[in-house]
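Listed below are the residues making up each chain.
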Amino acid sequence: MLSIIFLSSLILFLTLPSHLESCSCMDFPTEKEGYCATSWISKVKVVSKETDGLGLMMSYRLEHLKVYKAPENVTLPEVMNTATQESACGQTHFKVGKQYIFGGSAASNDSLLITFCDWRVPLKYIDEPKLEMKPTWQKFVDSVGKCPALPTH
Ligand SMILES: *[C@@H]1O[C@H](CO)[C@@H](O)[C@H](O)[C@H]1NC(C)=O
Ligand SMILES: *[C@@H]1O[C@H](CO)[C@@H](O)[C@H](O)[C@H]1NC(C)=O
């Protein structure tokens, strides 16, 4: 009996930390909800990336090639931050020199934030060889119309 208790608490001890540390995301039930939760979407080129002194945040420098969505009165800045740990939902694998269509839930004039949990534009809307939005994207955006106001960050 005692050994069973010992064993089960050992298992708990061994499995709990990794479970707690994993990045878990909320699902977006509809494309509209995903789009509306996304404050910025942009086709970018990654110019450089570096990690802060503490090793907690990674900072990418971007060149915006085409901005698809931005909060009112915000000019998307060149700096995009993410956590360095995947367990903290960081997105650390983007490559310098490559182009991407990025989106995230937080944007100010000073910095953008991207996490693993951010909504991604469904691939059906992207002409992948050209990395451009297809005409159906604009139709989708028009069909969404005005999103409910996002909480300001
Ligand atoms: C954007 O700027 C305009 C003009 O300065 C202002 O009237 C409006 O309230 C601003 N919108 C937001 C969301 O801050
Ligand atoms: C962002 O910068 C623009 C231009 O400098 C300014 O008009 C706007 O108010 C700023 N927006 C915010 C949210 O601070």
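Residue numbers here run from 1 along each chain, matching the order of that chain's written sequence. In the order they appear in the text, chains get letters beginning with A and ligands get numbers beginning with 1. Given that this is a predicted model, residues contribute local features only at a pLDDT of at least 70 and side-chain atom pairs are listed and counted only at 80 or more, while totals for whole chains, interfaces and linings are drawn from all residues. Remark: hydrogens and water are excluded; side-chain values derive from all non-hydrogen atoms of the structure.

The name given to the protein chain in an unreviewed UniProt entry is NTR domain-containing protein, with Caenorhabditis brenneri as the source organism. Checking UniProt for the protein chain, the heading Subcellular location (unreviewed entry) contains the comment "Secreted". UniProt positions are given in the numbering used here, feature names are shortened, and annotations may be inferred rather than shown by experiment.

*Asks:* What exactly am I supposed to notice about the overall build of the protein chain here?
*Replies:* Within the protein chain, the secondary structure is distributed over three helices and eight strands. What you see in the protein chain, going N to C, is helices and strands ordered as α-α-β-β-β-β-β-β-β-β-α. In the protein chain, which comprises 153 residues, the proportion classed as buried is 34%. Here a residue-residue contact requires only that any non-hydrogen atoms of the pair lie within 4.5 Å. Considering only contacts within the protein chain whose residues lie at least 6 apart along the sequence, 64% involve residues at least 24 apart. About 10100 Å² of surface is accessible on the protein chain, with carbon and sulfur atoms providing 60% of the total. Per the convention used, a helix needs a DSSP run of H or I reaching at least four residues, while a strand needs a run of E reaching at least two, with both numbered from the N terminus. Relative accessibility decides the category of a residue: with a 1.4 Å probe and only protein chains considered, values under 20% of the type maximum give buried, values over 50% give exposed, and everything between is partly exposed. Computed by Shrake-Rupley with a 1.4 Å probe, the accessible areas treat only the displayed protein chains as cover when residues are assessed.

*Asks:* In this structure, what is going on with the site of ligand 2? I would like to understand it.
*Replies:* Whether a residue is near a molecule or strand depends on its heavy atoms: if one lies within 4 Å, it is near. In the vicinity of ligand 2, the contacting residues are Asn 73, Val 74 and Asn 109. By the criterion applied in these results, polar contacts are pairs of N or O atoms within 3.5 Å in which, for protein atoms, one can donate a hydrogen and the other can accept it, and in which residues neighboring in sequence qualify only through two side-chain atoms. Measuring from a nitrogen atom of ligand 2, one finds a backbone N or O atom of Asn 73 at 2.8 Å. Here an oxygen atom of ligand 2 sits 2.3 Å away from a polar atom, N or O, in the side chain of Asn 109. Its free accessible area being 360 Å², ligand 2 has 30% of it covered by the protein chains.

*Asks:* Any chance you could explain the sheet that holds strand β5 (residues 106-107) here in plain terms?
*Replies:* In any sheet, the strands associate via hydrogen bonds between backbone groups, in a parallel or an antiparallel arrangement. Taken together, six strands build an open sheet; the order of strands is β4-β1-β2-β3-β6-β5 and the sheet is mixed. Looking at which strands have only one partner, the edges of the open sheet turn out to be β4 (99-104) and β5. Relative to strand β3 (residues 79-83), strand β2 (residues 57-69) runs antiparallel, the two being bridged by five bridges. Bridge pairing in β3 links Arg 61 to Val 79. Whether two strands pair depends on DSSP finding at least two bridges between them.

*Asks:* Help me out: how do you make sense of the layout of surface pockets in this one?
*Replies:* Rolled over the atoms, a probe with the dimensions of a water molecule shows which regions are left empty. Note on definitions: the grid is 1 Å and covers protein atoms alone; a cavity is a set of points where a 1.4 Å probe fits but cannot get out; a pocket is an open set with protein on both sides within 12 Å along at least five of seven lines; lining residues have an atom within 4 Å of a point. Grid points are joined across faces, edges and corners, and a volume is the space filled by probe spheres set on the points. By volume, the second largest pocket is sized at about 390 Å³. By residue class, the composition of the lining of the second largest pocket is 12 nonpolar, three polar and three charged. Basically, the charged four are Asp, Glu, Lys and Arg, the nonpolar ten are Ala, Val, Leu, Ile, Met, Phe, Trp, Tyr, Cys and Pro, and anything else, Gly included, counts as polar.

*Asks:* I tried to follow the environment of Trp 119 on my own but got confused; where do I start?
*Replies:* Summarising the element assignment, Trp 119 is placed in the loop between β6 (112-113) and β7 (126-127). Trp 119 gets classed as buried once you look at its relative accessible area, which sits at 10%. The spacing of Trp 119 and Phe 102 is 17 residues in sequence and 9.4 Å in space, taken between C-alpha atoms.

*Asks:* What is the right way to read the side chain of Asp 118 from this model?
*Replies:* Here Asp 118 shows up in the loop between β6 and β7. Positive charge is attributed to Lys and Arg, negative charge to Asp and Glu, and no charge count is given to His or to the chain ends. A pair is scored as a salt bridge if a Lys or Arg side-chain nitrogen falls within 4 Å of a carboxyl oxygen belonging to Asp or Glu. Buried and unpaired, Asp 118 has Arg 120 as its nearest opposite-charge partner, separated by 7.5 Å. At a separation of 3.3 Å, a polar atom in the side chain of Asp 118 contacts the side chain of Ser 105.

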